[in-house]
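The residues making up each chain are set out below.
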Amino acid sequence: MNTKNKTQLLGKKRSEIEDYLDSMGESRFRGRQIHKWIYKKQCSSFFEMTDLPRELRQILEDNARISIPRVLKQRVSSDGSRKFLLELDDKKRIETVLIPHSDEKDSKYTICLSTQVGCPIACSFCATGLSGFQRNLDAYEIAGQLLGSQRELAKRLKLPDSNNLISNVVYMGMGEPMLNYDEVIASIHILNDPQGINMGQRNITISTAGEVKGIDLMAQENLQVTLAISLHACDNELRSGLIPLNRKYPLEKLLPAIRNYIAKTNRRVTFEYIMLDNINISKRDAQNMVQLLKSLLANVNLIPYNEVEALDFKRPSPQRIKQFYNWLIQGGLNVSIREERGGDISAACGQLSLEQQKGKK
Ligand code: SF4
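What counts and what doesn't
- Residues numbered from 1 in each chain as written.
- Predicted model: local features only at pLDDT ≥ 70, side-chain atom pairs only at ≥ 80, totals over all residues.
- Heavy atoms only, no water.
- Helix = DSSP H or I, 4+ residues; strand = E, 2+ residues; numbered from the N terminus.
- Rg over C-alpha atoms; globule rule 2.2 N^0.38 Å.
- Buried < 20%, exposed > 50% of the residue type's maximum accessible area, 1.4 Å probe, protein only.
- Contact = heavy atoms within 4.5 Å.
- Core = buried A, V, L, I, M, F, W, Y, C linked by side-chain atoms within 4.5 Å.
- Domains from an automatic or database assignment.
- 1 Å grid on protein atoms, 1.4 Å probe; cavity = no way out; pocket = protein on both sides within 12 Å on 5 of 7 lines; lining within 4 Å.
- Points joined across faces, edges and corners; volume = space filled by probe spheres on them.
- Nonpolar A, V, L, I, M, F, W, Y, C, P; charged D, E, K, R; others polar.

S.K.: Pulling in residues and values, what's your account of the overall build of the protein?
M.R.: In terms of helices and strands, the protein carries 13 helices and 14 strands. Relative to the 2.2 N^0.38 estimate, which gives 21 Å for 361 residues, the radius of gyration of the protein is 21 Å and therefore close to what a compact globule would have. Over its C-alpha atoms, taken along the principal directions, the protein stretches across nearly 70 × 45 × 35 Å. Burial status across the protein gives 56% buried among its 361 residues. Partitioning the intrachain contacts of the protein with sequence separation of at least 6 by distance along the chain shows that 66% fall at a separation of at least 24.

S.K.: Pulling in residues and values, what's your account of the nonpolar core?
M.R.: Formed by 108 residues in total, the largest nonpolar core has its most connected members in Ile34, Phe125, Tyr171, Leu191, Met289 and Leu293. If one sorts the elements of this core by residue count, helix α5 (residues 139-157) sits on top with 8 residues. Shared between two domains, this core holds at least three residues of each, these being domain 1 (3-65) and domain 2 (70-357). Residues contacting Phe125, with those up to four places away along its chain left out, are His232, Leu242, Ile243, Ile274, Leu276, Tyr305, Val308, Leu311 and Phe313.

S.K.: Hey, could you go over empty space enclosed by the protein for me, with residue numbers and the actual values?
M.R.: Tallying each qualifying case throughout the model produces 1 cavity of 30 Å³ or more. In this structure, the largest cavity spans a volume of roughly 30 Å³. Along its surface, the largest cavity is lined by Pro177, Met178, Tyr181, Val184, Ile185, Ile206 and Met218. Per-element tally for the lining of the largest cavity: the top contributor is helix α6 (residues 181-192), with 3 residues. Here the lining of the largest cavity is built from residues that sort into 7 nonpolar, no polar and no charged.

And the structure:
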């Protein structure tokens, strides 16, 4: 049978896999065994499910699939961050990054997930934007990045048990999550399923470049996840130059949507701000940000830019980073500077696949 026509079991709940086995005339117990193989052991081959009868393994191999993305390539940073280039069933490639919380051997990780192959937003500072847009990811492909990365990480660290290595999820990899809204929401439910990956909603952050339609929809979801907005500039002219989506949703449309989101959910919003030298870190930029955000239930996360070879943007010096931070603090904002991670492995999204496209090893 053509792979495409096989039933995809990745992303299904335990009861759904039980139903599938039931529909084949098999015991529901077999469904529970398979569910465990997928979510507790990150197993994608029925032949490796040694507690299933041989004939059943063959029947499943012929009729079903478990498409956990395969790691094609990885880079490990001196700070322990790992970037994986993953391959999907149709050979498309996406990236995910694992960031350790500390230098300890038993450190937990945050994973940065992709939601699209490429990205249609084409932000001027982003390597993913340079490679164009190919397609949306299915929910199982989004959640499957966690399983594939967890499996690889345990193998590399020679750990007997791969579970619980990843404690936080951010949707900040390739793609604009709000342009793939339904699959992103479905993937949150896969990650959150207590019988499966069991990732707490409060440990999940969804980041958007400012897609107002998606923010409005999220305001109506009963979810405990954090919403992050990629702000990067506080006047429309500069922001439109950095994030073309700002032409469709300028700050006068974006801010009311965020206010509405906060009013409906009573949840604090995070504003991500990539710091670009000589572009968006002047005193005037700081004043604009204070003006824009001071009345909001919000945190600001400053992210010193990870330079991309093909682009001219530069990372500011530590002094300029600190100066900008101080102006914001003096203005009364809640600000943190994201600790640098993975600068030596091109950890900003899209850089690894861009290099791969150019044939760089
Ligand atoms: S920064 Fe995010 S939204 Fe902008 S092009 Fe890159 S992946 Fe897309």
